[in-house]
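Structural characterization, general
Here are the chains, one letter per residue:
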Amino acid sequence: MNDVAFAPAYAEPAGSPIRELFPYLSRPGLVSFAGGYPSPALLDAEGLAQASARVFAGDPAGVVQYGATEGRPGLRAALADMSAGRGVRCEAADVLVTAGSQQAFDLLVRVFVAPGDTVLIETPAYPAAIQSLRLAGAHLTPLPVDMDGLQTDALETLLRAMPAGRRPKLLYTVPTFSNPSGSLLSQPRRERLVQLALEFGFLIVEDDPYGELNFSGAPVATIFAAGQRLAGARNPVLYLSSLSKTVAPSLRVGWMVAPADVLRRCAIAKQTMDLCTSPITQAIALAYLEAQRYESAVRRACDEYQRRMHAMVSALSQALGARIEAPPPGGGMFVWARFDHRVDPQTLFNAAVELGVLFVPGAAFQPQAQDPHTMRLSYAAPSLEAIATGVARLVRAFDIASHGCT
Ligand code: PMP
């Protein structure tokens, strides 16, 4: 190839830190707590097969052609209804269907973020969001998180101290059962966040792929709903969600709820990358949602994920005691754990791989000032038996990597 220079963002791009773990996954007998994958056994493949048969028996010609970028009207209406159930009051016209919510986020980054723009990001953060923002040349400002979500007091202090020329455009958060922290943003903080966005003039990107994996079933009001209540038509919240964790990631059906001027620009950005939103997968998704199997499938997954989460958290704390802090999340797919500073993180990772258990080192989720004594563990895909085996292996890895603490 000629010596043509890559565009600056791609000259030395960092790949996904999670995908770099993929080579380990082929090891026989490995227990992986690393992936962000839903359990295939808990996805309703049978329901999807029936939905797909109905689509092709009904109007095959209607789904084999290119389609509208914005999405099919029936699915946009169904997703608007689903969003309304979470307090995101909207119409079909306010919804853009995307190839997963990852694409929705990337579109927002394309239409809002120019190189050097400040973007606030909860930390630990979802790595693909970090990656998308880095490629756009954003100036990332991390915000601390605890089990009640993003710390709005720290955010306020930061905003008040920021020079006017550095004011952020966007704030990215996964407020409900976050990836990776498992945290749930408290209601008062949801409101405070909206007030700060209104005062300082930035938009909040509420990424919500996990909200329905809610173990207690106690309703959680979205930040979007707080934005509507506090600001009406000036709502500073853009809402993203996905069917990936509740129906099937392979469908690639996600969506964005945003004002018309944002949706129009995102649709234009989308046209340059995938020409249209797949009519086949949208038709299958709609047929599936219409079959009334969604709620019971989600309930079943929630119950099982809750069992797996408890099994993981209690086994970890029983075996490792004060060496680990792994608070149980109220939903979602992840446990975020901090461990004793006398445990060497690299030795721990190497020993874990050697013993046949994989986790994601916490540094992957921290754009700056990384705390290496952290890890993300997913309990969604492994069975209860595999969780017991995996935790026992992890405990042995801790013993190998611990210096002066037991
Ligand atoms: N946001 C978060 C926080 C996620 O964890 C994921 C999936 N891992 C996504 C967005 C993207 O999911 P999808 O594109 O499959 O909808």
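All values derive from a computational prediction rather than experimental measurement.

Here we take up the pairing of strand β4 (residues 139-146). Here six bridges tie strand β3 (residues 118-123) to β4, and the two strands are oriented parallel to one another. Across the sheet, residue Thr123 finds its bridge partner in β4, namely Pro144. Taken together, β3, helix α6 (residues 127-135) and β4 form a β-α-β motif whose crossover is right-handed.

Here we take up the sheet that holds strand β13 (residues 360-361). Spatially, four strands are ordered β10-β11-β14-β13 in an open sheet, and the strand pairing comes out antiparallel. If you trace the sheet from one side to the other, it starts and ends with β10 (324-325) and β13, each paired once. Pairing analysis gives two bridges linking β10 to strand β11 (residues 334-339), with the strands arranged antiparallel. When the bridges of β11 are listed, Glu325 appears paired with Arg338.

Attention now goes to the packing of aromatic side chains. Using the criterion set out here, one finds eight aromatic pairs in the structure. With a centroid separation of 6.4 Å and an interplanar angle of 55 degrees, the aromatic rings of Phe215 and Tyr379 are classed as tilted. Residue Phe215 is found in the loop between β7 (203-207) and α9 (223-231), and its partner Tyr379 is found in the loop between β14 (374-378) and α14 (384-401); the two are separated by 164 residues along the sequence. Each member of the pair, Phe215 as well as Tyr379, is classed as buried. For the pair Trp336 and Phe365, a centre-to-centre distance of 5.6 Å together with 90 degrees between the ring planes defines the contact as edge-to-face. Here Trp336, found in strand β11, pairs with Phe365, found in the loop between β13 and β14; they are 29 residues apart in sequence, far enough to count as distant. In this structure, Trp336 and Phe365 share a single accessibility class: buried. Taken together, the aromatic side chains of Tyr24, Phe349 and Phe359 make up a single cluster linked through ring pairs.

To continue, consider the nonpolar core. Side chains that are nonpolar tend, in soluble globular proteins, to be buried together. Formed by 130 residues in total, the largest nonpolar core has its most connected members in Met256 and Leu377. Considering each element in turn, this core owes the most residues, 11 residues, to helix α12 (residues 294-320).

Time to look at the site of the ligand. Near the ligand you find 14 residues, and of these Ser101, Asp207, Tyr210, Ser242 and Ser244 are the closest. Tyr210 is positioned with one of its side-chain polar atoms (N or O) 2.6 Å from an oxygen atom of the ligand. Here the residues of the shell around the ligand are counted per class, giving five nonpolar, six polar and three charged.

Here we come to unusual backbone geometry. For the peptide bond that leads from Thr123 to Pro124, omega is 10 degrees, which places it in the cis range. Among the structural elements, Pro124 can be located in the loop between β3 and α6. Following Asn179, the chain continues to Pro180 via a peptide bond in cis, the omega torsion being 15 degrees. One non-glycine residue, Phe177, lies in the positive phi region at around 55 degrees. By the secondary structure assignment, Phe177 is in the loop between β6 (170-173) and α8 (187-200). Of note, Gln292 is a non-glycine position whose phi angle comes to about 60 degrees, a positive value. With a relative accessible area of 67%, Gln292 lands in the exposed category.

Two strands in a sheet stick together by hydrogen bonds in their backbones, pointing the same way (parallel) or opposite ways (antiparallel). The strand order β2-β9-β8-β7-β6-β3-β4-β5 describes an open sheet built from eight strands, whose pairing is mixed. Each having just a single partner strand, β2 (95-98) and β5 (149-150) make up the two edges of the open sheet. Sheet analysis places β6 next to β7, joined by four bridges and oriented parallel. Directly across from Thr173, in β7, lies its bridge partner Glu206. Running at roughly 20 degrees to β2, helix α10 (residues 260-274) makes contact with β2 and β9 (254-257) of the sheet.

Here we come to the packing of α12 against α14. Contact geometry for α12 and α14: axes closest at 10 Å, N-to-C directions at 25 degrees. Classed by the angle they form, the pair α12 and α14 counts as roughly parallel. Where α12 crosses over α14, the two elements pack in a sense that is right-handed. Between α12 and α14, the contacting residues are Glu304, Arg307, Arg308, Ala311, Met312, Ala315, Leu316, Ala319 and Leu320 on the first element and Leu384, Ile387, Val391, Leu394, Val395 and Phe398 on the second.

Here we take up the domain arrangement of the protein. Segmenting the protein into domains produces domain 1 (9-44 + 295-401) and domain 2 (46-290). Taking only C-alpha atoms into account, the centre of domain 1 sits 25 Å from that of domain 2. Listed by partner, the interface residues are 35 residues for domain 1 and 35 residues for domain 2. A combined buried area of about 2800 Å² lies between domain 1 and domain 2, and 64% of that area is made up of carbon and sulfur atoms.

Judged by side-chain polarity, Met1, Phe6, Tyr10 and Leu135 come together as a nonpolar surface patch covering roughly 520 Å² of accessible area. If you trace the backbone, Met1 turns up in the segment before α1 (8-11). Residue class for Met1 comes out exposed when judged on its relative accessible area of 88%.

We now examine the pattern of salt bridges. One pass over the full model with this rule turns up 18 salt bridges. For Arg189, the salt bridge goes to Asp146, with nearest N and O atoms at 2.9 Å. Of this pair, Arg189 sits in helix α8 while Asp146 is found in strand β4, placing the two residues 43 residues apart along the sequence. Between Arg160 and Glu156 there is a salt bridge, with its nearest N and O atoms 3.0 Å apart. Highlighted residues: Arg160 and Glu156, both in helix α7 (residues 152-161), separated by four residues, approximately one helical turn. Here Arg160 falls in the partly exposed class, since its relative accessible area comes to 47%.

Thresholds, definitions, all that
Sequence order as written defines residue numbering, which begins from 1 separately in each chain. The predicted nature of this model means local features are confined to residues of pLDDT at least 70 and side-chain atom pairs, given and counted, to a pLDDT of 80 or more, with totals for whole chains, interfaces and linings taken over all residues. Remark: hydrogens and water are excluded; side-chain values derive from all non-hydrogen atoms of the structure. Strands pair, by our definition, only if DSSP identifies at least two bridges between them. A run of H or I in DSSP counts as a helix once it spans at least four residues, and a run of E counts as a strand once it spans at least two, with each numbered from the N terminus. When the strands point away from the viewer, a crossover counts as right-handed if the path from the first strand over the helix to the second runs clockwise. Between 30 and 60 degrees the pair is tilted, below 30 it is stacked and above 60 it is edge-to-face, where a pair is any two Phe, Tyr or Trp rings, Trp via its six-membered ring, whose centres lie within 6.5 Å. Note on exposure labels: buried denotes an accessible area under 20% of the residue type's maximum, exposed denotes more than 50%, and partly exposed covers the range between, all computed with a 1.4 Å probe on protein chains only. Throughout this description, the term nonpolar core refers to a set of buried Ala, Val, Leu, Ile, Met, Phe, Trp, Tyr and Cys residues connected via side-chain atoms within 4.5 Å. We call a residue near a molecule or strand as soon as one heavy atom of that residue lies within 4 Å of the molecule or strand. Pairs of N or O atoms are called polar contacts if they sit within 3.5 Å, as long as, within protein, a hydrogen donor faces a hydrogen acceptor (for residues adjacent in sequence, only side-chain-to-side-chain pairs). Three classes are used: nonpolar for Ala, Val, Leu, Ile, Met, Phe, Trp, Tyr, Cys and Pro, charged for Asp, Glu, Lys and Arg, and polar for all others, with Gly counted as polar. We call two residues in contact whenever any of their non-hydrogen atoms come within 4.5 Å of each other. For helices, the fitted line uses only the C-alpha atoms of the stretch in contact; every axis is such a line through C-alpha atoms, and the angle between N-to-C directions lies from 0 to 180 degrees. Each angle is binned into one of four classes, with values under 35 degrees roughly parallel, values over 145 roughly antiparallel, values of 65 to 115 roughly perpendicular, and all other values oblique. Should the near helix be turned anticlockwise from the far one by less than a right angle, the crossing is termed left-handed; should it be turned clockwise, right-handed. Each domain's limits were defined by an automated method or a database of domain assignments. In short, buried area is how much 1.4 Å probe accessible area vanishes from two parts on joining, totalled over both. Residues form patches when they are more than 30% accessible in relative terms and have no salt bridge. Like charges link within 9 Å. Nonpolar side chains (Val, Leu, Ile, Met, Phe, Trp, Tyr) link within 5 Å. Using the Shrake-Rupley algorithm and a 1.4 Å probe, accessible areas are obtained, with residue cover drawn only from the displayed protein chains. One side-chain nitrogen of Lys or Arg within 4 Å of one carboxyl oxygen of Asp or Glu is enough to make a salt bridge.

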